[in-house]
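The lines below spell out each chain.
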Amino acid sequence: MNTALTIAGSDSSGGAGIQADIKTMTANGVFAMSAITALTAQNTTGVTDIFETTPHFLAEQLDAVFTDIFPDAVKIGMVSSAALIETIAERLRFYEAKHIVVDPVMVATSGSKLLRDDAITALTEKLLPMAEVVTPNIPEAEILSGLTITDAAGMEAAAQKISEAYGCAVLCKGGHKVNDADDLLWRDGKAQWFHGERIANPNTHGTGCTLSSAIASNLAKGYDLTASVERAKAYISGCLSAMLDLGHGSGPMNHMFELKSRFI
Ligand SMILES: Nc1ncnc2c1ncn2[C@@H]1O[C@H](COP(=O)(O)OP(=O)(O)O)[C@@H](O)[C@H]1O
Ligand SMILES: Cc1ncc(COP(=O)(O)O)c(N)n1
């Protein structure tokens, strides 16, 4: 069985973070492992507290995973401090980790901040250069590029700038647009668009976590980046189309929309 590791924060409400990642990897047929960067006290309406793992304990988790079951792909999500980012970069370089997908999580769908301001430089300088692909949403792409994005051309310009600055492919996600949900991949100087029908579902808690984990799962199974993004788009569209409605805020998605288990 192919294996994937998520390095991210725990979401107590189960819709985003480590929990979304493990559900996604499982539904996509890979064995999921985790290294937890922080515990969040969170639900669909917001984050009330964050308890960070120490860099030492994060390194211990990474050592435990890499020395036993080497992951075929790694997804990195919420990492709130520069010290934790540096630990991840150092350990992943040491183990020569393959197929690294970085979701530069900055703000939760509910509006709560998940990255300290002083950690942005560590993220760009240490993690992006190691990434096979980085998956910013539009506000994150604006911060990473320093550009304002108002249309498709703006997504291309920002993705190109980030890609050229840090030497990685960039998938600028279109979930924050109004008319469609088209995502743009900038790789090796070329743009490639992935069409997504906009689904009228207000429950989008965890969409970014889910997409990046689905991409990592597909890379783990041996698909190339284009096929991995295509398959991940189909997966997120399925999760959103299932129209799960839980909680009082922007709720989580249904990862079981196509599972045909006799235990469901
Ligand atoms: N309402 C929607 N309909 C269809 N796809 C969506 C919708 N909202 C988000 N997506 C897709 O979900 C993925 C995550 O996008 P986005 O919401 O922009 O990320 P984030 O959760 O990081 O803010 C992207 O592939 C995006 O196109
Ligand atoms: C622990 C954790 N990690 C990430 C997110 C971002 O979620 P989204 O995928 O909705 O941007 C979150 N809300 N909580």
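Residues numbered from 1 in each chain as written. Chains lettered and ligands numbered in written order. Predicted model: local features only at pLDDT ≥ 70, side-chain atom pairs only at ≥ 80, totals over all residues. Heavy atoms only, no water.

Caption draft 1: Examining the sheet that holds strand E8 (residues 183–187) more closely. The strand order across the open sheet formed by 9 strands is E3-E2-E1-E4-E5-E6-E7-E8-E9, and the pairing between neighbours is mixed. Where the open sheet ends on each side, the last strands, each with one partner, are strand E3 (46–52) and strand E9 (190–194). As paired elements, strand E6 (residues 133–134) and strand E7 (residues 169–172) share 2 bridges and run parallel to each other. When the sheet's bridge partners are listed, Val-133 is paired in E7 with Ala-169. Across the sheet, helix H1 (residues 17–27) is in contact with strand E1 (3–11), strand E2 (31–43) and strand E4 (73–76); its angle to E1 comes to roughly 150°. (Pairing = 2+ DSSP bridges. Helix = DSSP H or I, 4+ residues; strand = E, 2+ residues; numbered from the N terminus. Contact = heavy atoms within 4.5 Å. Axes fitted to C-alpha atoms, helices over the stretch in contact; angles between N-to-C directions.)

Caption draft 2: Molecular detail of the site of ligand 2. The environment of ligand 2 is formed by 17 residues, the closest being Gln-42, Thr-109, Gly-206, Gly-208 and Cys-209. In this structure, an oxygen atom belonging to ligand 2 sits 3.1 Å away from a main-chain N or O atom of Gly-208. Contact with the protein chains covers 95% of the free accessible surface of ligand 2, which is 380 Å². Only E1, E2 and helix H7 (207–220) provide two or more residues apiece to the shell around ligand 2. Looking at which element gives the most residues to the shell around ligand 2, the answer is H7, with 3 residues. The class makeup of the residues in the shell around ligand 2 is 6 nonpolar, 11 polar and no charged. (Near = heavy atom within 4 Å. Polar contact = N/O pair within 3.5 Å; in protein donor to acceptor, adjacent residues only side chain to side chain. Areas by Shrake-Rupley, 256 points an atom, 1.4 Å probe, with all protein chains shown as cover. Nonpolar A, V, L, I, M, F, W, Y, C, P; charged D, E, K, R; others polar.)

Caption draft 3: The packing of aromatic side chains, seen in detail. Following the criterion strictly, the structure yields 4 aromatic pairs and no others. With 5.2 Å between their ring centres and 80° between their planes, Phe-66 and Phe-70 make a pair best called edge-to-face. The rings of Phe-66, Phe-70, Phe-94 and Tyr-95 are connected pair by pair, giving a single aromatic cluster. Residue placement shows Arg-91 over the ring face of Phe-94; its charged tip is 4.5 Å from the ring centre. (Phe/Tyr/Trp six-rings, centres within 6.5 Å; stacked < 30°, edge-to-face > 60°. Lys NZ or Arg CZ within 6 Å of the ring centre and 35° of its normal.)

Caption draft 4: Fine view of the nonpolar core. With 44 residues, the main nonpolar core has Leu-5, Ile-7, Val-74, Ile-76, Ile-88 and Leu-92 as its most contacted residues. Among the elements that line this core, the one with the most residues is helix H3 (residues 82–95), at 7 residues. With sequence-adjacent residues up to four places away left out, Leu-5 is seen in contact with Met-25, Met-33, Ser-34, Ala-35, Leu-62, Val-65, Phe-66, Pro-71, Ala-73, Val-74 and Lys-75. One finds Ala-169, Ile-215, Ala-220 and Cys-239 within the second-largest nonpolar core, a separate group that totals 25 residues. (Core = buried A, V, L, I, M, F, W, Y, C linked by side-chain atoms within 4.5 Å. Buried < 20%, exposed > 50% of the residue type's maximum accessible area, 1.4 Å probe, protein only.)

Caption draft 5: Spotlight on the site of ligand 1. Taken together, 15 residues lie near ligand 1, and Asn-137, Lys-173, His-176, Asp-183 and Thr-207 sit nearest. The contact in question runs from a nitrogen atom of ligand 1 to an N or O atom on the backbone of Ile-199, over 2.9 Å. Contact between ligand 1 and Thr-207: an oxygen atom at 2.8 Å from a side-chain N or O atom of the residue. Its free accessible area being 550 Å², ligand 1 has 93% of it covered by the protein chains. Only H7 and helix H8 (225–241) provide two or more residues apiece to the shell around ligand 1.

Caption draft 6: Broad picture of unusual backbone geometry. For Asp-188, which is not a glycine, the phi torsion comes out positive at approximately 50°. Within the secondary structure layout, Asp-188 lies in the loop between E8 and E9. Exposure remark for Asp-188: the relative accessible area of 69% places this residue in the exposed category. Of note in the backbone geometry, Met-243 takes a positive phi value of approximately 55° without being a glycine. Structurally, Met-243 is set in the segment after H8. We classify Met-243 as partly exposed; its relative accessible area is 43%.

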